[in-house]
Amino acid sequence: MTHDFARVRGRSTSRLRGVVLTVAAGAVAIGAAITFSGTADAATTLGASAAASGRYFGTAVAAYKLSDATYLGILSREFTMVTPENEMKWDATEPSQNTFSYANADRIVAQAVSQGARVRGHALAWHQQQPGWAQSLSGTALRSAMLNHVTQVATHYRGQIYAWDVVNEAFADGGSGARRDSNLQQTGNDWIEAAFRAARAADPAAKLCYNDYNTDGQNAKSNAVYAMVQDFKTRGVPIDCVGFQSHFNSASPVPSDYQANLQRFAALGVEVQITELDIEGSGTAQADSYTRVTQACLNVAQCAGITVWGIRDTDSWRASGTPLLFDGSGNKKAAYTSTLNTLNGAGTSVPPTTTPPVTTPPTTPPVTTPPPSGGACSAALSANAWTGGFVITVKVTAGASAVSTWSVALTLPSGSALTNAWNAQATGSSGAVQFANVSYNGRIAAGGSTEFGFQGTGTPPTAVSGCTASLA
Ligand code: 9MR
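Residues numbered from 1 in each chain as written. Predicted model: local features only at pLDDT ≥ 70, side-chain atom pairs only at ≥ 80, totals over all residues. Heavy atoms only, no water.

> Sorry, what's going on with the pattern of salt bridges here?
Charged atoms that come close allow side chains of opposite charge to pair. Scanning the model with the defined rule gives 16 salt bridges in all. Close ionic contact of R235 with E193 constitutes a salt bridge, the shortest N to O distance being 2.9 Å. Placement of the pair is R235 in helix 10 (residues 220–235) and E193 in helix 9 (residues 191–202), with a sequence separation of 42 residues. Among the salt bridges present, the one from R318 reaches D278, with a minimum N-O distance of 3.2 Å. Residue R318 is located in the loop between strand 9 (303–308) and helix 13 (334–344), and its partner D278 is located in strand 8 (residues 271–279); the two are separated by 40 residues in the primary sequence. Neither residue differs from the other here; R318 and D278 are each classed as buried. Bridged by salt links that share partners, the residues K65, D68, R312 and D315 form one connected network. (Salt bridge = Lys/Arg side-chain N within 4 Å of Asp/Glu carboxyl O. Helix = DSSP H or I, 4+ residues; strand = E, 2+ residues; numbered from the N terminus. Buried < 20%, exposed > 50% of the residue type's maximum accessible area, 1.4 Å probe, protein only.)

Right under this line is the structure:
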């Protein structure tokens, strides 16, 4: 486990519970009808059962529901992590520029503290739920406003947040693997890393997450997020965790490679968190899906915990799909029981429900091009490839003199196509393509370097054909 559970409530008793449960499960496995007194207590809440394996179990919370006794009762009994459902979003916390409004979010944080739970902050930068004044900004004014927002809000909650969703839902749906077009994206492709850096500076103790939906299995969108996280890790951009929202229904069921996808992200050196779980349905089918998700988290050492997106079905943003663990009256559903039972198997050798092979793409060693004529710059390429697609990272290094602009050329194999590039302006999408610097990364100090990347379909290029630059 790489994450810090020091603040988990009842940590030492949780460990004891884990031991007792392991014994109990062993007894069951050999068919002995033995009841261990005391084990029932360990197994009766989601939070305590998750804590037995060092994990949390959380829920989204709405401030206006804290006066509902049934709601508050379940919240304080069951959950060890709390996410404000809307109260920490930009429109809620900064309704007018530079005027901050924290009352509702503060109430949720106070409730979390009073019940010994931790808080996931959600969300600092997002294309949705922006205040009107931000929606009307663009360019540098919007970039500055966004960074100021990140700084102010993360500073207000410094030391009180387990993990921040620093950036939410920044990638497009579908097969493009591209960034979502948004006002924030149009301030420059590096807006995400700028937000992460600002958040780290404001609250160094909070884990910083990227959070998204439709990234729960391996697909073009999750591959693009994967490439971004890998790039951030390579370049030292502060990122600690990836949130998988996990909103499921019959049209978008739990993917067969859910666990494998969590695992490949974990292998990048980030914590993985299930951040907004809800599964439409009822009865056994719904219960089984909750079991699969819960077991997947338990099977991935770096999966720190699960948060469901609300308490009762009637609290859900899509209440008609009855996607949660408690019914509208606050009764435990079959999905609750299956989730709890699965958590209580933690520490035993329960086999994963679905373990397709982990298809973490191999990283090819960097291929360095011969020094270009004039020696102004050189470029080294590394590829992550999978069947039908690839992500390339290119490191551009200045020669003995500083450069002010640069351009890298390469040829894509026949049948391959460029779909998306970052930190560079691409010309061409098949065959010979060129990548020129963007405004902020043209200048490279003598001997220094910068990186850009691109994604494509087909087979990856294996070499750069040239790097040219103008001297500064
Ligand atoms: O549950 C939230 C709902 O109350 C809001 O009206 C909605 C506004 O966009 O946001 C919902 O929460 C979203 C979360 O912040 C990000 N991922 C998707 C969630 C469901 O839409």
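> How should I be thinking about the sheet that holds strand 13 (residues 403–411) in this particular structure?
In any sheet, the strands associate via hydrogen bonds between backbone groups, in a parallel or an antiparallel arrangement. With antiparallel pairing, the four strands of this open sheet are ordered in space as 15-16-13-18. In this open sheet, the two edge strands, each paired with only one partner strand, are strand 15 (425–427) and strand 18 (466–471). Here the average twist between neighbouring strands, direction ignored, is 20°. As defined by bridge partners, strand 15 adjoins strand 16 (residues 432–436) across three bridges and the pair is classed as antiparallel. Across the sheet, A426 pairs through a bridge with F435, a residue of strand 16. (Pairing = 2+ DSSP bridges. Axes fitted to C-alpha atoms, helices over the stretch in contact; angles between N-to-C directions.)

> Looking at this model, I keep getting lost on the site of the ligand. Mind explaining?
Neighbouring the ligand are 14 residues, the closest being E85, K89, H122, E169 and E276. At a separation of 3.0 Å, a nitrogen atom of the ligand approaches a polar side-chain atom of Q245. Summarising the interface, the protein chains cover 77% of the accessible area of the ligand, which totals 460 Å² for the free molecule. Its residues assigned to classes, the shell around the ligand comprises three nonpolar, seven polar and four charged. (Near = heavy atom within 4 Å. Polar contact = N/O pair within 3.5 Å; in protein donor to acceptor, adjacent residues only side chain to side chain. Areas by Shrake-Rupley, 256 points an atom, 1.4 Å probe, with all protein chains shown as cover. Nonpolar A, V, L, I, M, F, W, Y, C, P; charged D, E, K, R; others polar.)

> Could you clarify how one ought to interpret the state of the cysteines in this entry?
Where two cysteines share a covalent bond between their sulfur atoms, that bond is called a disulfide. Under the defined criterion, the tally for this structure stands at three disulfides. The side chain of C297 participates in a disulfide bridge whose partner is C303; the two sulfur atoms lie 2.0 Å from each other. Between C297 and C303, the disulfide has an S-S torsion of -100° and is therefore left-handed. Residues C297 and C303 agree in their burial class; the two are buried. Disulfide pairing places C377 opposite C467 at an S-S distance of 2.1 Å. The sign of the -115° torsion about the S-S bond sets the C377-C467 disulfide as left-handed. Here the residue C377 occupies a position in strand 11 (residues 377–386), and C467 occupies one in strand 18, the gap between them amounting to 90 residues. Bonded cysteines in the protein chain are paired 1-2, 3-4, 5-6 when counted in the order they occur along the chain. (Disulfide = S-S within 2.5 Å.)

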